[in-house]
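Summary of structural features
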Amino acid sequence: MSNMRDVMGLCERYGREGSQYQTEFEPATGTLWGYFNPKDGTPCYSLGLLHDILEHDKQLVANRCHVEIEGTAFPVHNYVTASRIPDVFNVGGDLALFVMLIKARDRSALANYAKLCIDNIYPRTQAFFSPTLTKIALVQGDALGGGFECALASDVIVAEESSQMGMPEILFNLFPGMGACSLLARRIGIRAAEELILSGKVLPATEMHKLGIVDVLATDGQGETAVRNWIAKNAKRRNGMQAVFRARQFIHPVTREELDGIVELWVDAALRLGERDLRMMHRLVRAQMRRMESRHGAPLEVAAALHEPLAVAG
């Protein structure tokens, strides 16, 4: 079997030059790889990254989850989301933008940003409206806030052992409003989801695996291999497995109305934040920037960045 990655076949059709979301496709297994690759190196959901992802995914849906290469249409069976940034999956919302819009009392712009996030995550929760597509998140490094929400919107989460995941928003008096409440509750139950969100804890992948949030725990540096092994192992039962994943939408459906309603709560809550809350948010922004500048590979210490204690289980 071929292990070909036809980069141009996909990028020429869906992407555009300079896109912050890079894509590759492997026809042999029907695997589409999507990589966060922000221009400035800050792996958060900036407006530019959100628009680039949405442009790609809209075209994927329009093509009924097929990729055309040299006149031949190949079905996408697996859609893997990962990151080009070392030690970071995605640290979530654009906090610097949040601070600016909240200070300006610009509800419309804040609501538009939140809606754009839901425009991105809702099709993912619906498997891009395909009955035969499996969504896989490959987490190698930090997945915080919206980055964690992206992983939770997947059918399967593969995470390397040193990765960290969590929702630190409560530490600056906010909550994750772009899908976390809905998606986490469907994985571990509403009470456990609320406890994790309200704790603000950022936990290692080993703990997330124990909680039933991470599906596959991989050795550091072996995440991509773990994804490939999982795809190969489940290839013969893919049809039945994907039907089970789709059945989740009947048992615990995630609706656009639910996500939009929670986003409205998030916008209102964001506009109630005070100066102290915004200062805490800004500290985390600075800590993220320092980490990206140093590129030393150490995990982001959210608690230290905010000068508040943060217990980590285990």
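Placed above this text is the structure.
Rules used in this analysis
- Residues numbered from 1 in each chain as written.
- Predicted model: local features only at pLDDT ≥ 70, side-chain atom pairs only at ≥ 80, totals over all residues.
- Heavy atoms only, no water.
- Helix = DSSP H or I, 4+ residues; strand = E, 2+ residues; numbered from the N terminus.
- Buried < 20%, exposed > 50% of the residue type's maximum accessible area, 1.4 Å probe, protein only.
- Contact = heavy atoms within 4.5 Å.
- Areas by Shrake-Rupley, 256 points an atom, 1.4 Å probe, with all protein chains shown as cover.
- Pairing = 2+ DSSP bridges.
- Axes fitted to C-alpha atoms, helices over the stretch in contact; angles between N-to-C directions.
- Parallel < 35°, antiparallel > 145°, perpendicular 65-115°, else oblique.
- Nonpolar A, V, L, I, M, F, W, Y, C, P; charged D, E, K, R; others polar.
- Phe/Tyr/Trp six-rings, centres within 6.5 Å; stacked < 30°, edge-to-face > 60°.
- Lys NZ or Arg CZ within 6 Å of the ring centre and 35° of its normal.
- Salt bridge = Lys/Arg side-chain N within 4 Å of Asp/Glu carboxyl O.
- Left-handed = near helix turned anticlockwise from the far one by under 90°.

1. A few points about the overall build of the chain
- Each helix and strand counted, the chain has 13 helices and 12 strands in total.
- Taking all 314 residues of the chain together, the buried fraction comes to 55%.
- Expressed as a percentage of contacts within the chain between residues at least 6 apart in sequence, the contacts between residues at least 24 apart total 72%.
- Carbon and sulfur atoms make up 53% of the accessible area of the chain, which totals about 13900 Å².

2. Description of the pairing of strand β9 (residues 156-160)
- Burial analysis of β9 places 5 of its 5 residues in the buried class, the great majority of the element.
- Burial along β9 is two-sided: V156, V158 and E160 and I157 and A159, pointing in opposite directions, are all buried.
- One ladder, built from 4 bridges, connects strand β7 (residues 134-139) with β9; its direction is parallel. Residue pairing in the sheet places V139 in a bridge with A159 of β9.
- Pairing analysis gives 3 bridges linking β9 to strand β12 (residues 216-218), with the strands arranged parallel. Paired with V158 across the two strands is V216, which belongs to β12.

3. A short note on the packing of helix α3 (residues 95-103) against helix α4 (residues 107-125)
- In contact at an axis separation of 8 Å, α3 and α4 are set at 150° when each is read in the N-to-C sense. With respect to each other, α3 and α4 are oriented roughly antiparallel. Only A109, L110 and Y113 of α4 make contact with α3, whose side of the interface consists of L97, F98, L101 and I102.
- Here the residues of the contact of α3 with α4 are counted per class, giving 7 nonpolar, no polar and no charged.

4. Things to note about the packing of aromatic side chains
- Evaluated as defined, the whole model comprises 9 aromatic pairs.
- Centre to centre, the rings of F36 and F89 are 5.3 Å apart; their planes meet at 75°, and the pair counts as edge-to-face. Taken together, the residues span a long stretch of sequence, with F36 in strand β2 (residues 31-36) and F89 in strand β6 (residues 88-90) at a distance of 53 residues. In this structure, F36 and F89 share a single accessibility class: buried.
- Aromatic side chains F98 and W266 sit 5.2 Å apart centroid to centroid with 65° between the ring planes, which places their arrangement in the edge-to-face category. With F98 in helix α3 and W266 in helix α11 (residues 256-271), the pair connects residues that are 168 residues apart, well separated along the chain. The same class applies to F98 as to W266, namely buried.
- What links up through ring pairs into an aromatic cluster is the set Y21, F36, Y45 and F89.
- Between the NZ or CZ atom of R84 and the centre of the ring of Y35, over which it lies, the distance is 3.8 Å.
- Sitting over the face of the ring of Y79, R124 holds its NZ or CZ atom 5.4 Å from the ring centroid.

5. Considerations on the pattern of salt bridges
- Scanning the entire structure with this criterion turns up 13 salt bridges.
- With a shortest N-O distance of 2.7 Å, E24 and R84 are connected by a salt bridge. Taken together, the positions of E24 in strand β1 (residues 21-26) and R84 in the loop between β5 (78-83) and β6 put the pair 60 residues apart, joining distant regions of the chain.
- Residue E207 pairs with K210 through a salt bridge whose shortest N-O separation is 3.5 Å. On the criterion of helical spacing, the pair formed by E207 and K210 is a turn pair, its members being 3 residues apart in helix α8 (residues 205-210).
- Under the relative-accessibility criterion, K210 is labelled exposed at 66%.
- Through salt bridges with shared partners, a single ionic network connects K115, D119, R256 and D260.

6. Describing the sheet that holds β5
- Spatially, 6 strands are ordered β1-β2-β5-β7-β9-β12 in an open sheet, and the strand pairing comes out mixed. A single partner strand is all that each edge strand has here, and the edge strands are β1 and β12. Taking each pair of neighbouring strands and ignoring which way they run, the sheet shows an average axis angle of 20°.
- Examined bridge by bridge, β2 and β5 share 6 bridges and lie parallel to one another.

7. Quick word on α3
- For α3, every residue scored as buried is listed here: L95, L97, F98, V99, L101 and I102.
- Among the residues trailing α3, R105 stands out with phi positive, at a value near 55°.

8. A look at the packing of α4 against α11
- The interhelical angle for the contact between α4 and α11, taken along N-to-C directions, is 150°, at an axis separation of 10 Å. The handedness of the crossing between α4 and α11 comes out as right-handed. Contact residues: α4 offers R107, L110, A111, A114, K115, I118, D119, I121 and Y122, while α11 offers R256, L259, D260, V263, E264, W266, V267, D268, A270 and L271.

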